Each structure stands twice: as structure tokens, then as C-alpha cells.
Amino acid sequence: MTVPLLSSVFTQELRKSTAPLHGQLEALPVSQSILAPEVSIQEYLRYLDLMHDVIVDVETTLFPILSTEINSLNERRKTSLLERDFEVLGFKKQKKLRLTAFSEQVNSIGFAMGIFYVIEGSSLGGRVIYKHIHKVLGLDADSGAAYFAGYGELTGMLWKEFMTELVTHEQKNHNGDEIIAGANYAFDVISKHFQGTLEDS
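Here's what I pulled together on the structure shown here.

1. Details of the packing of helix 3 (residues 41-66) against helix 4 (residues 79-89)
Item 1. Closest axis-to-axis distance for the helix 3/helix 4 pair is 9 Å, and the angle between their directions is 150°. Here helix 4 runs roughly antiparallel to helix 3, going by the angle between their axes. The two elements helix 3 and helix 4 cross, and the hand of that crossing is left-handed. Along its contact with helix 3, which presents Ile 41, Tyr 44, Leu 45, Leu 48, Asp 49, Met 51, His 52, Ile 55, Val 56 and Glu 59, the element helix 4 presents Thr 79, Leu 82, Glu 83, Asp 85, Phe 86 and Leu 89.
Item 2. Looking at the contact of helix 3 with helix 4 residue by residue, the class counts come to ten nonpolar, two polar and four charged.

2. Some words on helix 4
Item 1. Buried within helix 4 are the following residues: Thr 79, Leu 81, Leu 82, Asp 85 and Phe 86.
Item 2. Buried residues belonging to helix 4 abut helix 3 and helix 7 (146-149).
Item 3. Following helix 4 by one or two positions, Gly 90 has its phi on the positive side, about 70°.

3. Structural notes on the packing of aromatic side chains
Item 1. Going through the model one piece at a time under the given rule, you end up with eleven aromatic pairs.
Item 2. Considering the side-chain rings of Phe 63 and Phe 116, the 5.6 Å spacing of their centres and the 85° angle between planes classify their relative orientation as edge-to-face. With Phe 63 in helix 3 and Phe 116 in helix 6 (residues 109-137), the pair connects residues that are 53 residues apart, well separated along the chain.
Item 3. For Phe 63, a relative accessible area of 3% gives the class buried.
Item 4. Residue classification places Phe 116 among the buried residues on the basis of a relative accessible area of 1%.
Item 5. Pairing Phe 86 with Phe 91 gives two aromatic rings, centres 4.9 Å apart and planes at 50°, and the pair type is tilted.
Item 6. Ring pairs connect the aromatic residues Tyr 44, Tyr 47, Tyr 147, Phe 148 and Phe 194, which therefore count as one cluster.

Thresholds applied
Residues numbered from 1 in each chain as written. Predicted model: local features only at pLDDT ≥ 70, side-chain atom pairs only at ≥ 80, totals over all residues. Heavy atoms only, no water. Axes fitted to C-alpha atoms, helices over the stretch in contact; angles between N-to-C directions. Helix = DSSP H or I, 4+ residues; strand = E, 2+ residues; numbered from the N terminus. Parallel < 35°, antiparallel > 145°, perpendicular 65-115°, else oblique. Left-handed = near helix turned anticlockwise from the far one by under 90°. Contact = heavy atoms within 4.5 Å. Nonpolar A, V, L, I, M, F, W, Y, C, P; charged D, E, K, R; others polar. Buried < 20%, exposed > 50% of the residue type's maximum accessible area, 1.4 Å probe, protein only. Phe/Tyr/Trp six-rings, centres within 6.5 Å; stacked < 30°, edge-to-face > 60°.

Any functional reading would require information beyond the geometric quantities listed.
In C-alpha cells, the structure reads:
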């Protein structure tokens, strides 16, 4: 069968090509703090605050572009989860930031798919963070950890569904380079935002 082989080749290249910037993001102090044994509620909220900026920009910019490529797109919205956590924990954003990094650079569906690969991957990784936050801070989906709880038991299924759609899109359009470029751009934008070095509008 050629389809699994092509799927494997592309997904392996995608992971390999994005590994350096992915690792750079995970090594940042903000990223490290969320999994620290002594993570504080302030550090937790700082992380959610930064991710809220990213998710709002992604959903505003990418969702209209990806509506023909991803069947369960509306199920993947996360802004409301973050804002529910803010409300439950009594957090008010000090800076209502409107990122424009994605809207300024997305010029193809493939590029947008690459960015969304990073966002959906964070949902998969979020399950690990959820367990840690629940253990250390005692939060669950109803008490301030809705964002990391994400899709709950459906997380694995939705990830596989997205990856199938991603690979199908790449096979149909032969635009693996665009997808990889979009993913690397997303990792870079999020890293710069976490470091406070992104030019904001």
C-alpha cells in the first residue's frame, strides 16, 4: 500500500524539520514553568494569558481558511475554554493584545495547515500538562483547567483525524514544504511572543 508509506514519509519529515524550533519553544522559561514541580497559580495564569493571545489570532485568521479542509473545526475552538478558566480563577487580562502575526503571513491553505498542526499538537501535549496542573494546583476542567483538559477523552481521536486530513491535503496538493514552513513559523511566533519580542499591533 502506497498511502501509509507516503503518510509516514511526510509526517516523519514534518516532525524532523520542525524539531529544532519545537525544542526551542519547549526550552523557554515560560514553557518550563508550567511543568515545574512547584508551578504557581501566577505562572499558570501567565501561560494561559500568553496562549490566549495566540489562540484568538489563530481562530480569527485560520478558521475561515481551513473550513474546507477540516471537518470538525468548530469542535476545536479553544478561546472559550481559556476565557472560562480566567473567569473561574478571577483573572482579568491586563493587556488586551491583538496579535496579527498569523494574519500577516498566511498566504496559502498549506501554510495555514502547518500552523494548525502546531496548535493541535499543543492540545495533545496539553493532556500531560493537565495531569500535572491537577496534581500540583488541584485544578480540573471545571475549576480552572478547561483549556488543558481540551477535548478530554476525544483528544487522541481528534488528533488522528486531523493528521489524516493533513496528510490527505499534502498528498492531494504536494505542498509539504508550505506545511512545514507554516509549522516552523508558528513555533517561531509563539516563542517570540513568550519572550516578549514579537512586534505586536
